Structure formats: C-alpha cells, structure tokens
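The chain contents come next:
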Amino acid sequence: TTETPLPITGNFSRPQLYAEWTVSPEDQTVRFLLRSFSPTTQWLGFGISDNQRMMGSDIILGYIDTQGQALVSDRFASAYSLPDEDASSQVTDGSVQRGDGGVLEVAFTIPCRSDDTSGNDIVLEGSHYFLFAQGVLLGDSPNYHSSRHFTRMPRVIDCTAPTAPETTMPPTVEPETTLPIS
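Summary of the structure given here. Bear in mind that the values here come from a model prediction, so they are computed numbers and not experimental data.

Attention shifts here to the overall build of the protein chain. Helix and strand counts for the protein chain come out as zero helices and 14 strands. For the protein chain, the succession of helices and strands along the chain, N to C, is β-β-β-β-β-β-β-β-β-β-β-β-β-β. Considering the protein chain as a whole, with its 182 residues, one finds that 38% of them fall into the buried category. Across the protein chain, the fraction of contacts at a sequence separation of at least 24, relative to all contacts at a separation of at least 6, is 55%.

Right, here's the structure in full:
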C-alpha cells in the first residue's frame, strides 16, 4: 500500500484575531492564515517563540504600504522594537488583502526546517509558542502594536504527520477458462 500524508491543521482565536495553519508533510511546509477583525489594524505580525517573549522570536509581518503594495516580510526580533528583516527570507506565497468590514488578512508559507544560516529562523517542527500582534503604520513602517496575544500553551507542529494507508482495490482475477482439447 502507498501511504499518503494527512494534513495537520490548527487554529487560534481571540475576539479581534484569528489564525489557522496547515502542515504539508509532503512539502515540509506550513501555510498560515491570519485575520484581524479590527478595522483600524494596518499590519499583522506573527511570531514563533520558545519563551512567550518577542525578543528572540522569528517574526513574519504583513501589511499594505501607502502605495497599495502588499508586503510580507521575514524578520527576527533581537530587541523589543521593530524586528530587522532577515537577509534571507524563508517566506513564500505571501499575500495581504483588506476584506469586507475592514478585515485584514495575511497569508504565507514557511518551511518546517529553514536553510537560513544566520540562525534567525526557528526550526518550526516541535513545540513553540505563537505570538500575534497588530497595529497601525507610521508612514510605510509598522508602528508599535496596539494589541498583542500569545498562545498560553505551546503549539506542536509535526511535519512528519501520521499517514493513512491509501485505499486500493484488490486486483481483479479473471475466471479460468477451459479450452477444448483437440
């Protein structure tokens, strides 16, 4: 039997914020979707932390600048300030859009294991806290967050998902035929 990886999904919700993720063991990636339901939110941030603190966290920021360009950036928080952009971004398929009622939506994919040699990307597989922040822009730059949230229990990302056997039908057996003897 062939084994097919099962996607692993999870979510986190607060009154003004929603996040969900789907692990693709086959691609060794995780796809995240963040939503802010606050019409004044201009940027959303997502962090992966080993200690529930901003400093030392791998951060993804998403926003639309004053020119209307959607930006999703890979960053690292070395201090309690706007995190510096990573020299090598691990983010793919990043998108930002403003929806009905002012909902800001940021989506992106990151690898389970980064090939970034700077040490700024946390290996996603395993148990980590997720941090969320949102705020307004100062010009074209994210300003201090107006609200922040973190998961009180660490979330476990398992990129080696359990697999389910693929359903296959047994081969068809042709009935024996008797040939006349000549």
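That shown, we press on.
Now for the packing of aromatic side chains. Per the counting criterion, the structure on display carries eight aromatic pairs. Measuring from ring centre to ring centre gives 6.3 Å for Trp21 and Phe32, while their planes differ by 40 degrees; the resulting arrangement is tilted. Taken together, the positions of Trp21 in strand 3 (residues 17–24) and Phe32 in strand 4 (residues 29–36) put the pair 11 residues apart, joining distant regions of the chain. Comparing Trp21 with Phe32 shows no difference in burial state: the two are buried.

Turning next to the pattern of salt bridges. Using the criterion set out here, one finds two salt bridges in the structure. Linking Glu105 and Arg35 is a salt bridge whose minimum nitrogen-to-oxygen distance equals 2.7 Å. Taken as a pair, Glu105 in strand 10 (residues 104–111) and Arg35 in strand 4 lie far apart in primary sequence, 70 residues in all. The shortest N-O distance in the salt bridge between Arg75 and Glu85 comes to 3.5 Å. One end of the pair, Arg75, is in strand 7 (residues 70–76); the other, Glu85, is in strand 8 (residues 84–85), with 10 residues separating them in the sequence. Judged by its relative accessible area of 6%, Arg75 is buried. Judged by relative accessible area, Glu85 falls into the exposed class, the value being 54%.

Ordered in space as 2-3-4-10-9, the five strands form an open sheet in which the pairing is antiparallel. Of all strands in the sheet, those bounded by a partner on one side alone are strand 2 (8–14) and strand 9 (92–98). Pairwise comparison of adjacent strand axes, ignoring direction, gives a mean angle of 10 degrees for this sheet. As paired elements, strand 4 and strand 10 share eight bridges and run antiparallel to each other. Bridge pairing in strand 10 links Ser36 to Leu104.

With respect to the element layout, Thr109 can be found in strand 10. Owing to a relative accessible area of 7%, Thr109 belongs among the buried residues under this scheme. In this structure the side chain of Thr109 is engaged in a polar contact, spanning 3.0 Å, whose partner is the side chain of Arg31. In this structure Thr109 touches Thr29, Val30, Arg31, Gln90, Val91, Thr92 and Asp93, once residues within four positions along its chain are discounted.

Analysis parameters
Residues numbered from 1 in each chain as written. Predicted model: local features only at pLDDT ≥ 70, side-chain atom pairs only at ≥ 80, totals over all residues. Heavy atoms only, no water. Helix = DSSP H or I, 4+ residues; strand = E, 2+ residues; numbered from the N terminus. Buried < 20%, exposed > 50% of the residue type's maximum accessible area, 1.4 Å probe, protein only. Contact = heavy atoms within 4.5 Å. Phe/Tyr/Trp six-rings, centres within 6.5 Å; stacked < 30°, edge-to-face > 60°. Salt bridge = Lys/Arg side-chain N within 4 Å of Asp/Glu carboxyl O. Pairing = 2+ DSSP bridges. Axes fitted to C-alpha atoms, helices over the stretch in contact; angles between N-to-C directions. Polar contact = N/O pair within 3.5 Å; in protein donor to acceptor, adjacent residues only side chain to side chain.

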